[in-house]
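What follows is the residue order along each chain.
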Amino acid sequence: MSTAAVVPETWRLTGDDARRTLASTGYRALFYDAYQRLQWSDGLSHARSLAFMVTLTAVQGLIALVGVATTFGDRSISDSVVTAVQAAAPGPVSDLLTTAVVQAQRTGSSHSYLGLTLGLLGCLLTTTTAFGQLERGLNRLYGVEEDRPPREKYRLALLLAASAGVLLATAFVALTLGRSLATSTDNDRMRALAAIAMWPLGAALLTGALALLFRWCPRRHQPAWSWLAFGSSVSLVLWIVVTAGLGLFLRHSSSFGQTYGPLAGMAALMLWSMMISVALFFGAALAAQLEAVRADVAEPRDEQKATTPEPAVAGAGTGGD
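Residues numbered from 1 in each chain as written. Predicted model: local features only at pLDDT ≥ 70, side-chain atom pairs only at ≥ 80, totals over all residues. Heavy atoms only, no water.

Chemist: Just to check I follow, could you spell out helix α2 (residues 27–40) for this structure?
Modeler: An α-helical turn contains 3.6 residues, so any two residues separated by three or four positions project in the same direction. Taking 1.5 Å as the rise per residue, α2 with 14 residues should run 20 Å; its terminal C-alpha atoms sit 20 Å apart, in good agreement. Among the residues of α2, Leu 30, Asp 33, Ala 34, Gln 36, Arg 37 and Leu 38 are the ones counted as buried. Looking one or two places after α2, you find Asp 42, whose phi comes out positive at around 60°. (Helix = DSSP H or I, 4+ residues; strand = E, 2+ residues; numbered from the N terminus. Expected span 1.5 Å × (residues − 1). Buried < 20%, exposed > 50% of the residue type's maximum accessible area, 1.4 Å probe, protein only.)

Chemist: Help me out: how do you make sense of helix α11 (residues 264–294) in this one?
Modeler: End to end, α11 covers 45 Å across 31 residues, agreeing with the expected 45 Å (1.5 Å per residue, within 8%). In terms of residue burial, α11 counts as a mostly covered element, since 23 of its 31 residues are buried. Within two residues after α11, Asp 296 carries a phi angle of roughly 65°, on the positive side.

Chemist: Help me understand the confidence of the model for the chain, please; the structure alone is not making it clear to me.
Modeler: Reading predicted coordinates in detail is not appropriate for stretches of low pLDDT. Overall, the predicted model of the chain reaches an average pLDDT of 79, with 72% of residues at or above 70. The spread of mean pLDDT over the elements of the chain runs between helix α4 (residues 75–88), the lowest at 61, and α2, the highest at 94. Confidence drops under a pLDDT of 50 for residues 315–321, and excluding neighbours within four residues, the segment shows 0 contacts in the predicted structure. (pLDDT = per-residue confidence, 0-100. Contact = heavy atoms within 4.5 Å.)

Chemist: I would appreciate a short explanation of the pattern of salt bridges in the present structure.
Modeler: Side chains that differ in charge, positive against negative, can pair when their charged atoms come close. For the coordinates displayed, the defined rule picks out 8 salt bridges. Glu 135 is the salt-bridge partner of Arg 148, the closest N and O atoms lying 3.2 Å from each other. One end of the pair, Arg 148, is in the loop between α6 (114–141) and α7 (150–184); the other, Glu 135, is in helix α6, and 13 residues separate them in sequence. Judged on exposure class, the residue Arg 148 and its partner Glu 135 are both buried. (Salt bridge = Lys/Arg side-chain N within 4 Å of Asp/Glu carboxyl O.)

Chemist: How do you make sense of a nonpolar patch on the surface when you look at a structure like this?
Modeler: Together, Phe 52, Leu 56, Met 266 and Met 270 line one region of the surface with nonpolar side chains, adding up to about 330 Å² of accessible area. Only α3 (43–71) and α11 provide two or more residues apiece to the nonpolar patch. Residue position: Leu 56 is located in helix α3. (Patch = residues over 30% accessible without salt bridge, like charges linked within 9 Å, V, L, I, M, F, W, Y side chains within 5 Å. Areas by Shrake-Rupley, 256 points an atom, 1.4 Å probe, with all protein chains shown as cover.)

Chemist: I keep staring at the packing of helix α1 (residues 15–25) against α11 and nothing clicks. Help me out?
Modeler: Between two packed helices, what matters for the description is the angle formed by their axes and the separation of those axes. In the contact formed by α1 and α11, the axes pass within 10 Å of each other and the chain directions differ by 80°. One element, α1, and the other, α11, form an angle in the roughly perpendicular class. The segment α1 lies against α11, with Asp 17, Ala 18, Thr 21, Leu 22 and Thr 25 engaging Leu 290, Val 293 and Arg 294. Here the residues of the contact of α1 with α11 are counted per class, giving 4 nonpolar, 2 polar and 2 charged. (Axes fitted to C-alpha atoms, helices over the stretch in contact; angles between N-to-C directions. Parallel < 35°, antiparallel > 145°, perpendicular 65-115°, else oblique. Nonpolar A, V, L, I, M, F, W, Y, C, P; charged D, E, K, R; others polar.)

Chemist: Where do I start with the packing of aromatic side chains in this structure?
Modeler: Geometrically, a pair of aromatic rings is defined through the distance of the ring centres and the angle of the planes. In this structure the tally under the stated criterion is 3 aromatic pairs. Between Tyr 27 and Phe 31 the ring centres are 6.5 Å apart and the planes differ by 50°, which places this aromatic pair in the tilted class. Residue Tyr 27 and its partner Phe 31 are both found in helix α2; the two are separated by 4 residues, about one turn of the helix. Under the relative-accessibility criterion, Tyr 27 is labelled exposed at 53%. Looking at Phe 31, the relative accessible area reads 29%, which means it is partly exposed. One aromatic cluster is present, formed by Tyr 27, Phe 31, Phe 230 and Phe 282 through successive ring pairs. Positioned above the aromatic ring of Trp 40 is the side chain of Arg 301, whose terminal nitrogen or guanidinium carbon lies 3.9 Å from the ring centre. (Phe/Tyr/Trp six-rings, centres within 6.5 Å; stacked < 30°, edge-to-face > 60°. Lys NZ or Arg CZ within 6 Å of the ring centre and 35° of its normal.)

Chemist: Explain unusual backbone geometry here, please?
Modeler: Leaving glycine aside, a negative phi is the common case for residues, and trans is the common case for peptide bonds. You will see that Asp 42, though not glycine, has its phi angle at about 60°, which is positive. Tracing the chain through its elements places Asp 42 in the loop between α2 and α3. With a relative accessible area of 38%, Asp 42 lands in the partly exposed category. In this structure, Asp 296 takes a positive phi of about 65° despite not being glycine. Take Asp 296: it is sitting in the loop between α11 and α12 (303–307).

Here is the structure:
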C-alpha cells in the first residue's frame, strides 16, 4: 500500500507558479522530498512492472515498424531503423533489437502482412497495458489509492497509446530519418542541418509525450502543461544520462558479456528499461511534490497511513490446516 501523502488538487497553476515555488523551495530540498515520495509510494515496484512492459513494447514496436517497411517494399527504412537502434540503444540492447529487426525482415519477406499484423497488434496491446500500469504508479505518487474502473482505465490507456505512444514513435522516426538524411545526402548544408535538427526535434517530441502522460494518467485534476514541463524535462534529461551512461559502461565492460553470455542483450534491455522507468517516475514525483509544496502540504509521507495496521485477512491465525 502507498503511504505517500495525498497531493491536494490545485487549480489554475502555470509555469510561472512552478518557477516561484521552485525558487522558494530550492532544488536540493525538492529533489530529496521527491525521492522520499517515490519511496513511500512504492514507486520502484511500479517502475519494475512498467519496465517489463517497456521491454515488450520496444521489441513489438520495432517489429511493427519493420513490418510496415517490408509490406510496402522499402528496405531502406528497415536499414535506417537498424542504424537508429545502434545509435540510440546501449551496447547489447542494440544487438538484441537489431536481431529482432532482421528477423522481422525475414518474416515479412515471406509473409507480407504477417509481420505487420503481429507487430501492430502486439505493440498496441503492450503499449495499452504499459499505460494502464503507468496510471497505477502515478496515482500512488499523488496519494490516490484507487485507479479508474477497468473499462475507463484501459480506454484512456488506448487513447494515450494513440497519442503519447505516437509521439514517442515519431520521435524515434525523426531521429531515424534525420540520421539517415545526414549520412545519405551529398549536400553539406543539408547534412549539417539534419544532424543538428534531429536532436531538438526528438527531445521536444519526447518531452511532449511525457507531459501528456503526466497530464492525463493520474486520476485527479492536473495543473497546466507548463507546470508539468519541469518534471517531464527532468525525466528526459535522466533518460538521456541513463542511456549514455549505460552505453558507456557496456561498451567498456568485458565482464558483462562474459557473465550473461547469449542473455546479455536481454539483461541489458531489462536494465535499461528499468532505469528509464525510474527516470519517468522520478520526474512525475517531482511534479507531484512541487504541487504539494504549492498547496502547503510539503511532507511526502502520510504518517496516518504508515501507522494504520492493514486489515486482517479472513481466516488468518485460526489454527486451521
